[in-house]
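Per-entry structural report
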Protein chains: 2
Amino acid sequence: MQVQDDRILVADRLKSIAPFRVMELMKRAAQLEAEGHRVVHFEVGEPDFNTAEPIVEAGRRALLEGHTKYTHALGTEALREALSKDYRERLGVAIPAERIVVTAGASGGLLLLSALLIDSGDGLLITDPGYPCNAAFPRIVGGAAQPVALRAEAGYLPQVDDLAGAWRPNTAGLLLASPANPTGAVMDGARLAEVAEFVHGAGGFFILDEIYQGLTYGPPPTAGTGLQADAGLIVLNSFSKYFGMTGWRLGWVVVPEALVAPIERLAQNLFISPSSVAQQAALAAFSPQAMAIHEARRQHFDARRRQLLGGLEALGFRAAAPADGAFYLYMDVSSSGLDSYDFCWRLINEFQVAATPGIDFGEREAHRFVRFAYTTDDESIGLGLERIGRALEAWDSVGGQA
Amino acid sequence: MQVQDDRILVADRLKSIAPFRVMELMKRAAQLEAEGHRVVHFEVGEPDFNTAEPIVEAGRRALLEGHTKYTHALGTEALREALSKDYRERLGVAIPAERIVVTAGASGGLLLLSALLIDSGDGLLITDPGYPCNAAFPRIVGGAAQPVALRAEAGYLPQVDDLAGAWRPNTAGLLLASPANPTGAVMDGARLAEVAEFVHGAGGFFILDEIYQGLTYGPPPTAGTGLQADAGLIVLNSFSKYFGMTGWRLGWVVVPEALVAPIERLAQNLFISPSSVAQQAALAAFSPQAMAIHEARRQHFDARRRQLLGGLEALGFRAAAPADGAFYLYMDVSSSGLDSYDFCWRLINEFQVAATPGIDFGEREAHRFVRFAYTTDDESIGLGLERIGRALEAWDSVGGQA
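All values reported here derive from a predicted model rather than from experimental measurement.

1. Focus: the relation of the copies chain B and chain A
Superposition of chain B onto chain A requires a rotation of 180° combined with a translation of 0.0 Å along the rotation axis, giving an RMSD of 0.0 Å. Such values leave the two copies arranged in the relation of a two-fold axis. A high fraction, 100%, of the interface residues of chain B reappear at the interface in chain A, so the copies pair face to face through one surface.

2. Notes on the interface of chain B and chain A
Taken together, the contact between chain B and chain A spans 80 residues of the former and 80 residues of the latter. Taken together, chain B and chain A are joined by zero salt bridges. Counting the contacts that link chain B with chain A gives 33 residue pairs in polar contact (both at pLDDT 80 or more). For the side of chain B that touches chain A, the per-class residue count stands at 45 nonpolar, 21 polar and 14 charged.

3. Structural notes on the packing of helix α1 (residues 21-34) of chain B against helix α11 (residues 340-351) of chain B
Geometry of a packed helix pair, given as the angle between the helix axes and the separation of the axes. Residues and elements named next belong to chain B. As a packed pair, α1 and α11 sit with axes 10 Å apart at the nearest point and diverge in direction by 10°. The orientation of α1 with respect to α11, classified from their angle, is roughly parallel. Only Y341, C344, W345, I348 and N349 of α11 make contact with α1, whose side of the interface consists of R21, E24, L25, R28, A29 and L32. Per-class residue counts for the contact of α1 with α11 are seven nonpolar, one polar and three charged.

4. Quick word on unusual backbone geometry
Residues and elements named next belong to chain B. In this structure, the amide linkage connecting D128 to the following residue, P129, adopts the cis form with an omega of 5°. The residue P129 is located in the loop between β5 (123-128) and α5 (136-140) in this model. Of note, the phi angle at R249 is positive, near 60°, even though the residue is not glycine. Within the secondary structure, R249 sits in the loop between β9 (234-238) and β10 (251-254).

5. Focus: the sheet that holds strand β14 (residues 356-357) of chain A
Residues and elements named next belong to chain A. What the four strands build is an open sheet, ordered β11-β12-β15-β14; its pairing is antiparallel. Each end of this open sheet is capped by a strand with a single partner; those strands are β11 (318-319) and β14. Packing against the sheet, helix α10 (residues 288-314) makes contact with β11, β12 (328-332) and β15 (369-373), and its axis sits at approximately 5° to β12. The sheet contacts of helix α11 (residues 340-351) involve β14 and β15, and relative to β15 the element is tilted by about 45°.

Scoring rules and cut-offs
Residues numbered from 1 in each chain as written. Chains lettered and ligands numbered in written order. Predicted model: local features only at pLDDT ≥ 70, side-chain atom pairs only at ≥ 80, totals over all residues. Heavy atoms only, no water. Least-squares fit on C-alpha atoms with pLDDT ≥ 70 in both. Contact = heavy atoms within 4.5 Å. Salt bridge = Lys/Arg side-chain N within 4 Å of Asp/Glu carboxyl O. Polar contact = N/O pair within 3.5 Å; in protein donor to acceptor, adjacent residues only side chain to side chain. Nonpolar A, V, L, I, M, F, W, Y, C, P; charged D, E, K, R; others polar. Axes fitted to C-alpha atoms, helices over the stretch in contact; angles between N-to-C directions. Helix = DSSP H or I, 4+ residues; strand = E, 2+ residues; numbered from the N terminus. Parallel < 35°, antiparallel > 145°, perpendicular 65-115°, else oblique. Pairing = 2+ DSSP bridges.

See the structure below:
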């Protein structure tokens, strides 16, 4: 940091933290809406449903009862116990409450884990494509992201060979997501165990991002937690997606017992505590009433997934992966004859359909791919598909793009 | 980070992030309470009042209305405008909403500012004594805290000479709090302008921590914002203290216009957004009804301050500073004949009174000082004073400590 000509200069790391490309596109979408156009939104990374009523009601009650103060830095005992119970009863793994750390969203969790595990100069393996913000966390603590290119022929699932090839002497550990963003790919227990064994052998840590846990549409084995495959994993999770609590900013991490005391020191210093009202409300997320709503929403997502995937495939696009989880499809749009970034801009400008270009998720064949989120209603999905169909016809007829 | 003998080792920075000493003392207090003892709490750094009813009611309404989703990364337009209006109408400074960034508590704000301004290897000047967590933030981003020892003879207020003496070639900037924790000291506009001029000349940035803004008990000139003295300051603030919203985790920073775009990129990556329900509720913090409650509470704090300060002075303790703000007294307890750390432990163990030893706030004469927070009711303050009086008699009579 320096002041030059009366301007404060920002830290060097800002050079490597780019704005998301989709933000400009979303501004354009908002502009079009302000002009009276109806925009179809396939770019949004959060459920369109509001938080389920039993959780909202619990939040309202919590406020009335005065839950407006700091809590323990690692979260309330009640919520940590509730999470432990959910792991035991619904997911079939014994995780003591002491190993569960409640955080300010999964973002807060990933910051704590980065500060806890990544030394200055360390590398963190992340996937390309992957969640756009993953690279920022190691950078903040003086480390670096080391992207591993996922391969189409492997269904965009991480291969031990690829991980081994990308592992460097300064690599401290690995961050993987399952279900994954942007591909929706889900890793099964066998693959997770294989990766865990490799990481263990390499002397690193393995953070498994399970923020889309519960939002899976495949056979039962993919519907659980990686902790079933390896109880020693570090798990990152969130109340945002399956439990529909994005705006409340609440997540959790599961860490080995030896890491609880140091992560507590970090949490005290960096966050003081997670939100008290969100924690109190989240207790209701596990009630039978709320779980029934979450499950109904999951089925709703599944129906939309089939509708959108079927429609896009009928238009000649191909999914990168089986897309058995999350609420995303990562589609190869190269049959349109357009680079995916141009595709997205022409789609919003000419047909008022917003989607996220691959470049926001990495460099691996990003120019071919677009992420479509099925976080909008069935009717909008139908309209969006119709508009994309018309776009392809128009672009083809004006000649030579395809 | 390395795995050794199946144990994941934590990052080196953990060595320099100590647990707060008061945590052990608070555990002891909780244990005593579980055994049926009544403990007097002078150690708590948050208001004992719940959030004011108009804010709670606005939070309940926000939940009912479905404010449960992500907001803009820099906060809602409505809250940024409300803060701008409050600066203009109540504090007499014109700060456009665009320069106000809503954060996940002041903690979230300080993290963003550290990531924004501090390069790896940079130093950040902080005060000793000061808020215990200040040192952790530069460390997280690869920098270092550079403590400036405050001097008793200057009322524990920062002197330009002291700052100049502590400024190193790698010093990037300065973080000061007014009102200050643990001393309660308030800097006036003239001193702030003087410090700002020095920092500007040294080519650094100046972050002014105003999280206790509004909680001042001196003459009017000390009751405003440092932005009155220098509109170019970077200001850190919070809804936790004056507005009584600790558990909601909501704060804000004011930055120069040139820093808005880069801090937005960081906020998108590291936080996604601040809590939606907290932001919606905070809009009600500026209503006449809520402001009347805040002002009544400020007067209440002032009455307690006089009671506690008078009582402790009568017992022979001396305040480090005039203590015109926040809700802390930083008292020299050396007349007790005990080191302040021993003093606190004997006080909780033998007389069930909890207070925070100076060692949690730095090294500067820490063994002489204890922080007493007046975040407990008048009757408890009276009981606490009586117990401390009995402690001093007992310790004196058992001989030779004084």
